[in-house]
Each structure stands twice: as structure tokens, then as C-alpha cells.
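Letter by letter, the chains look like this.
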Amino acid sequence: MATPKKYRCLVCEHIYDPVEGDPGSNIAPGTAFEDIPEDWYCPDCGATKADFEPIEG
């Protein structure tokens, strides 16, 4: 099974790690980035989901 990709915010470089999720936004651990609601935003700077890019690792 492939490891889910992490995503980096292009504005502040926050890393969304699907293993950790985003508990502060009620995103459960194990939630793939693709499965996050479209209205989710960066917990550090408020950028939109569209402002994230996939990263390796």
C-alpha cells in the first residue's frame, strides 16, 4: 500500500500529513488530502486547499 502524500502550503509552508490529519479542524488522522472538504483552510495562515501542493515523503 502506498503511503499517502503529504501536502505543503505554498503560502506558509505548513505541511499537511495525512497520518496526523488536522485535529484542530476535525480532520481525523488517516484522512487523505483529497478527502478533506473543499472549504478546509491552512490552520497556520488561512490559505485555501487550492494553495497546497503535493510533496514527496
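Structure's up top.
Since this is a predicted model, take the numbers as computed values, not measurements. (Residues numbered from 1 in each chain as written. Predicted model: local features only at pLDDT ≥ 70, side-chain atom pairs only at ≥ 80, totals over all residues. Heavy atoms only, no water.)

Novice: Can you walk me through the environment of glycine 24 in this structure?
Specialist: Within the element layout of this structure, glycine 24 appears in the loop between strand E2 (15–16) and strand E3 (52–55). Since its relative accessible area comes to 74%, glycine 24 is described here as exposed. Taking the C-alpha atoms as reference, glycine 24 lies 7.7 Å from proline 43; in sequence the two are 19 residues apart. (Helix = DSSP H or I, 4+ residues; strand = E, 2+ residues; numbered from the N terminus. Buried < 20%, exposed > 50% of the residue type's maximum accessible area, 1.4 Å probe, protein only.)

Novice: Would you explain the pattern of salt bridges in this entry?
Specialist: Pairing is possible between side chains of opposite charge, provided their charged atoms come close. In this structure the tally under the stated criterion is three salt bridges. The closest approach of N and O atoms between lysine 6 and aspartate 17, which form a salt bridge, is 3.9 Å. Remark: aspartate 17 occurs in the loop between E2 and E3 and lysine 6 occurs in strand E1 (residues 6–9); sequence separation between them is eleven residues. Between arginine 8 and glutamate 53 there is a salt bridge, with its nearest N and O atoms 3.3 Å apart. Of this pair, arginine 8 sits in strand E1 while glutamate 53 is found in strand E3, placing the two residues 45 residues apart along the sequence. Since its relative accessible area comes to 29%, glutamate 53 is described here as partly exposed. (Salt bridge = Lys/Arg side-chain N within 4 Å of Asp/Glu carboxyl O.)

Novice: Sorry if this is basic, but what is going on with the sheet that holds E3 here?
Specialist: Sheet strands pair via backbone hydrogen bonds, and the direction of the pair is either parallel or antiparallel. Reading across from one edge, E2-E1-E3 is the order of the three strands in this open sheet, with antiparallel pairing throughout. Across the chains shown, the open sheet's two edge strands, defined by having one partner strand only, are E2 and E3. Sheet analysis places E1 next to E3, joined by four bridges and oriented antiparallel. In the strand pairing of E3, cysteine 9 is matched with phenylalanine 52. (Pairing = 2+ DSSP bridges.)

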